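Each chain is listed here by its residues.
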Amino acid sequence: MNSIMVLITLSDSGIETIKSNPELPKKEMEFVARWKDEGILESFFISVSKKDAVLIFKNVDESTVKGLIESLPYFHYMAQIAYHHLNKQF
């Protein structure tokens, strides 16, 4: 199965904005939960610092994944986004 892994790092100022607005994390998790329910998000990891995240999408192409990431409430607070195509071995 082919997957796309997205590595995200939030900016320091973004983290402060997110911490000061409790509605933002709720909105962000609504997106993630919907993608999980739709069967396109296989895995979602958040670092202990909550500054980094890893999302693994399945059954969607890169342009779709980029559109999904750009729709996130946190998108404007992201300092780095990297997309990696993966081939699951087992």
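Just so it is clear, the structure is predicted and the values come from calculations on it, not from any experiment.

Caption draft 1: View of unusual backbone geometry. A positive phi is found at Lys50, a non-glycine position, where the angle reads about 65 degrees. Its location among the elements puts Lys50 in the loop between strand S2 (41-46) and strand S3 (52-58). Judged by its relative accessible area of 60%, Lys50 falls in the exposed class. Residues other than glycine seldom take positive phi values, yet Asn59 does so here, at roughly 60 degrees. The residue Asn59 is located in the loop between S3 and helix H3 (62-70) in this model.

Caption draft 2: Quick look at the side chain of Ser3. Within the secondary structure layout, Ser3 lies in strand S1 (residues 2-10). Residues in contact with Ser3, not counting those within four places in the same chain, are Glu42, Ile56, Phe57, Lys58, His84, His85 and Leu86.

Quick notes on the rules
- Residues numbered from 1 in each chain as written.
- Predicted model: local features only at pLDDT ≥ 70, side-chain atom pairs only at ≥ 80, totals over all residues.
- Heavy atoms only, no water.
- Helix = DSSP H or I, 4+ residues; strand = E, 2+ residues; numbered from the N terminus.
- Buried < 20%, exposed > 50% of the residue type's maximum accessible area, 1.4 Å probe, protein only.
- Contact = heavy atoms within 4.5 Å.

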